Amino acid sequence: MGDIAVVEEALKRISSHKGILGVIIVNGDGIPIRSTFENSVTVQYAGLVSHLTYKARSAVKQLNHGEPEDELQFLRIRSKKHEILIAPDFDKAHEYQLVIVQNPSTD
Amino acid sequence: MPGFLKTLMKRKDKPPREGAPIPKQHTDMPSPLPSSKKQPGDDFDLPVKEVVKPDNQLQLPDKLLDEEVAKMLTANNPSAPKNMVRFSTKERVFKVEPMVEQLMVHYATDGWLLHKGSEEAKRQTDCDRAADEAAAKFQAEMDRGRRDRRDDGAGLGTDTDGPDDSRQLRNQFNFSERAAQTLNYPMCDRATTTEPPPTATMSGECSQWGIYDAYLLDQERQKLQEEVTKKGAAAKKSTTAGDNDPCEPARDTSKDDRGSTLHSAHMSRAAKVLERMENQNSYNDISMDFKYWDDASDAFRPDEGTLLPLWKFYPEQAKRKHVTSLCWNPEYFDMFAVGYGSFDFLKQSGGLACCYSLKNPSYPEYIFTTDSGVMCLDFHPQHPNLLAVGCYDGTVRVFDVRTKTNKPMYASTAVTGKHTDPVWQIFWQEADLQKQLQFYSVASDGRVTLWTLSKSELTHQDMMELKLLDPSEPDGDESTLASLASCCSFDFNKAQDHLFVVGTEEGQIHKCSTAFNSEYLQTYEGHAMAVYAVKWNQLHMKTFLSASADWTVKLWDSSLAKPIMTFDLSNSVGDVAWAPYSATVFAAITDDGKVHVFDLTQNKHEPMCEQKVVQKAKLTRIAFNPKHPVLLVGDDRGCVTCLKLSPNLRRSSKPDGKQTMQEAENAKLDHVLDIARKGTISPAEEAK
């Protein structure tokens, strides 16, 4: 129960920060279960980001540096205008990706 | 006839005689020749009768055609000569031949029969016999060969040839072979084009790690299944009701898990990290300043320094509250705790203790609320998760910041000897012999109390009761001694942990020891108003600073009753703090919102930096970061500001081969103290 409040509060706080364009949570099947974007944008982000994350994870695992248990933790994509922050979790029981889109240059 | 036939036999292979005339009309008639020589295709053609008239045939009128011409067959040859003479050599005269040949051959054909007695027949029978013998011999050889083969190959090639009827006698004259073969239809392909079934492209990839992960997962699943079946078997044994499927609860929990994906602990961690990342982006310039910015003008003004405001920490919950205490975490240098309460006796409300990280200036990491205003807090130096909090109502609490719950691990109550007045300062001690954690607290009720965290409760022990010394009656009257001094601040000496100084509301400072709890070791007179802060130097163990509401900060040598140096800041001084990196640098804050930073080696009278950092607010607390060149100041509006010290304000001695940094710093301070001690050097004299 405590987690519910903590997560909800954190998400609310994050989305209220300056420069945050939106927050999306995508579940393991690539379906957005929480979003502050409108539907079409959400679907686009969810589809693209889950593929990208999978690829990134694949790369990390393949590189693996002699540690087979290595795992992708976070992914930040910085573009000229936006930064996409992705925090994935690949645990089978609760697979999700937390995606935040930010405009870092708001002054 | 039979007799006649017996003397005849069939002729073979005799071509028709040359001279035999063949009637023209019958050219199309089947030839009497053996059928083998005929075209096979002609077998089915019925003979077509056709009257062929030669072109030069005489065209006769019907009358002539109808005329009957009688023809008689006589024995006399009309064309035979009647007066044939022949020379007779015997008589030497020509003689009439009376016998004339009357025979005339109109048609002749070779017969197909031979007389058995004739030479020709004999030859033919010989030939036939030879042929029969040869055939029989060949047949015998064939049979023998076939028999051998059959013996060898155990009846593999059992081709049963039908009886050879090639030699069967046929009616060669009237025989037409009609094949019973039917028409063979030619093979033909027949194809139709259908609409193609819908297709979709599926693609996937598999890598080594994917296989490995799947393998591990499968192993886990198998193990789980085994357990489930084991448990299921046990459950079936124990309970007769077979309704409860062992898979049922498992499925339920998995569904719950799916539901709580959004609210799992993992998610909260991810959200926290992302919030920090996002803050890192939004406060990128400040982070860069924190790390890299140095005021370039310091190089030209060696006696001055500046403070660069960095982050501001201003939580919603702390509106209209005063920052009553600040404390850096001893292990995590980016973390600090802020206590919120109120210094105003009339406006007391709930308190708040927040743990902040510099990495997330927008929101505290942990928040603990108390019903009474927080007045002081302290992190345990060895256990950075333990936070001791003293409140306005006199209670002390110990929070474990890791639990994140609002419930303190320990709290003092009226029964367990809480202070009766606001707790002004709280200070962790080294663990005692039983490894129990201890801390001291001082409050306005004049008690210095040692608290021990035993397993189940917080036990207290009053180390000292600060008796009021009335300066007007130095002899000490029993009645005045009975009342207690209300202390505002205290600080333990680092080198001798039994030694501490206490600043009182009356302006006196007492040096005490936990070993002698009845007497002051020394009393320092000098301040006229409440002493808000006393701080031992962190490197030089004999000096301490005091800040007072009488607008002054005084530097004391613990062995002398009079202050060595006095700094007038022309406003009530709320707090003072030594810099951790230098024995001669300290900072003080005043009620007009200014921060004064002194470096005694540079200037003994004027602050290196005097900077107003907040508008329309009183500064209440100050704390140096133990590692980074930043300090925190808190004001009475609930706002904490992080300030970066410019290079001139953070001069520190480098440890060289002869002495450590501490020794060098001590030498520096000793030098300053020596000069100050050489009589009361007035600023005017110094100026000369």
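Residues numbered from 1 in each chain as written. Chains lettered and ligands numbered in written order. Predicted model: local features only at pLDDT ≥ 70, side-chain atom pairs only at ≥ 80, totals over all residues. Heavy atoms only, no water.

Student: Could you give me a rundown of the overall build of chain B, with the residues and numbers involved?
Tutor: Tallying secondary structure elements over chain B gives ten helices and 32 strands in all. Here chain B holds 688 residues, and the buried ones make up 37% of them. Sequence separation of at least 24 residues holds for 50% of the intrachain contacts in chain B that already meet a minimum separation of 6. Looking at chain B as shown, the accessible area adds up to about 43,900 Å², and 54% of this sits on carbon and sulfur atoms. (Helix = DSSP H or I, 4+ residues; strand = E, 2+ residues; numbered from the N terminus. Buried < 20%, exposed > 50% of the residue type's maximum accessible area, 1.4 Å probe, protein only. Contact = heavy atoms within 4.5 Å. Areas by Shrake-Rupley, 256 points an atom, 1.4 Å probe, with all protein chains shown as cover.)

Student: Outline a positive patch on the surface, supporting the account with residue identities and numerical values.
Tutor: Positive charge collects at one region of the surface, where Arg144, Arg147, Arg149 and Arg150 of chain B lie side by side. Looking at the secondary structure, you find Arg144 of chain B in helix H3 (residues 119-152). (Patch = residues over 30% accessible without salt bridge, like charges linked within 9 Å, V, L, I, M, F, W, Y side chains within 5 Å. Salt bridge = Lys/Arg side-chain N within 4 Å of Asp/Glu carboxyl O. Lys, Arg positive; Asp, Glu negative; His and termini not counted. Charge placed at Lys NZ, Arg CZ, Asp CG, Glu CD.)

Student: Break down helix H2 (residues 39-63) of chain A for me, citing the residues and quoting the values.
Tutor: Residue and element names in this part refer to chain A. For H2, which comprises 25 residues, the first-to-last C-alpha distance of 36 Å matches the rise-based estimate of 36 Å (1.5 Å per residue) to within 8%. Among the residues of H2, Thr42, Tyr45, Ala46, Val49, Ser50, Thr53, Ala56, Arg57, Ser58 and Lys61 are the ones counted as buried. Looking one or two residues past H2, Asn64 carries a phi angle of roughly 50°, positive in sign. (Expected span 1.5 Å × (residues − 1).)

Student: An account of the interface of chain B and chain A is requested, with residue identities and associated values reported.
Tutor: Reports often express the size of an interface as the amount of accessible area lost when the parts come together. At the junction of the two partners, chain B supplies 31 residues and chain A supplies 42 residues. Between chain B and chain A, roughly 3,200 Å² of surface is buried when both sides are summed, and carbon and sulfur atoms account for 60% of that area. At the junction of chain B with chain A, the criterion picks out three salt bridges. We note a salt bridge from Glu275 of chain B to Arg13 of chain A, for which the minimum N-O separation is 2.8 Å. Put simply, the parts of the chain that give the side of chain B that touches chain A at least two residues each are helix H4 (208-238), helix H5 (247-260) and helix H6 (265-282) of chain B. For the side of chain B that touches chain A, the element with the most residues is H6 of chain B, which contributes 16 residues. When grouped by side-chain class, the residues that make up the side of chain B that touches chain A number 13 nonpolar, eleven polar and seven charged. (Buried area = accessible area lost by both parts, 1.4 Å probe. Nonpolar A, V, L, I, M, F, W, Y, C, P; charged D, E, K, R; others polar.)

Student: Help me get a handle on the pairing of strand S2 (residues 85-88) of chain B, residues and values and all.
Tutor: Residues and elements named next belong to chain B. Pairing geometry for S2 and strand S3 (residues 93-96), over four bridges, is antiparallel. Of the residues in S3, the one forming a bridge with Arg86 is Lys95. Counting the residues that bridge the hairpin from S2 to S3 gives four residues, and of these Arg92 lies at a positive phi of roughly 60°. (Pairing = 2+ DSSP bridges.)

Student: Which residues make up the sheet that holds strand S23 (residues 543-548) of chain B, and what are the values?
Tutor: In a beta sheet, neighbouring strands are held together by backbone hydrogen bonds and run either parallel or antiparallel to one another. Residue and element names in this part refer to chain B. On the basis of which strands lie adjacent, the open sheet formed by four strands has the order S22-S23-S24-S25 and antiparallel pairing. Lying at the two open borders of the sheet, with one neighbouring strand each, are strand S22 (531-536) and strand S25 (563-568). Strand-to-strand twist across the sheet, computed as the mean angle between neighbouring axes with direction ignored, equals 15°. Across the face of the sheet, helix H9 (residues 661-677) comes into contact with S23, strand S24 (552-557) and S25 while running at roughly 90° to S25. (Axes fitted to C-alpha atoms, helices over the stretch in contact; angles between N-to-C directions.)

Student: Quick rundown of the pattern of salt bridges? Include the residues and the values.
Tutor: Under the counting rule described, the total for this entry stands at 24 salt bridges over all chains. Linking Arg57 of chain A and Glu71 of chain A is a salt bridge whose minimum nitrogen-to-oxygen distance equals 2.9 Å. Highlighted residues: Arg57 of chain A in helix H2 and Glu71 of chain A in the loop between H2 and strand S3 (75-78), separated in sequence by 14 residues. Judged by relative accessible area, which is 11%, Arg57 of chain A ranks as buried. Given the relative accessible area of 23%, Glu71 of chain A is considered partly exposed. Lys61 of chain A is the partner of Asp213 of chain B in a salt bridge, and the nearest nitrogen-oxygen pair spans 2.8 Å. Remark: Lys61 of chain A occurs in helix H2 and Asp213 of chain B occurs in helix H4; the pair is interchain, linking two chains. By relative accessible area, which is 6% here, Lys61 of chain A ends up buried.

Student: Any chance you could break down the packing of aromatic side chains for me, citing the residues and the numbers?
Tutor: Residue and element names in this part refer to chain B. Inspection of every chain in the model, using the stated rule, returns 26 aromatic pairs over all chains. With centroids separated by 4.8 Å and ring planes inclined at 50°, the aromatic side chains of Phe567 and Phe598 adopt a geometry described as tilted. Of the two residues, Phe567 is situated in strand S25 and Phe598 in strand S28 (residues 594-599); the sequence distance between them amounts to 31 residues. We classify Phe567 as buried; its relative accessible area is 1%. (Phe/Tyr/Trp six-rings, centres within 6.5 Å; stacked < 30°, edge-to-face > 60°.)

Student: Mind laying out the sheet that holds strand S19 (residues 499-504) of chain B, listing which residues take part and the relevant values?
Tutor: Residues and elements named next belong to chain B. The strand order across the open sheet built from four strands is S18-S19-S20-S21, with neighbouring strands paired in antiparallel fashion. Strands with a single pairing partner mark the edges of an open sheet, and in this sheet they are strand S18 (487-492) and strand S21 (522-524). Strand after strand, the sheet turns through a mean of 25° between neighbouring axes, direction not considered. Pairing analysis gives five bridges linking S18 to S19, with the strands arranged antiparallel. What sits directly across from Asp491, in S19, is Val501.

Student: Account for H9 of chain B, naming residues and giving values.
Tutor: All names here are of chain B. End to end, H9 covers 24 Å across 17 residues, agreeing with the expected 24 Å (1.5 Å per residue, within 8%). Where H9 is concerned, the buried positions are Ala664, Glu665, Asn666, Leu669, Val672, Leu673 and Ala676. Close packing links the buried residues of H9 with S23, S24 and S25.

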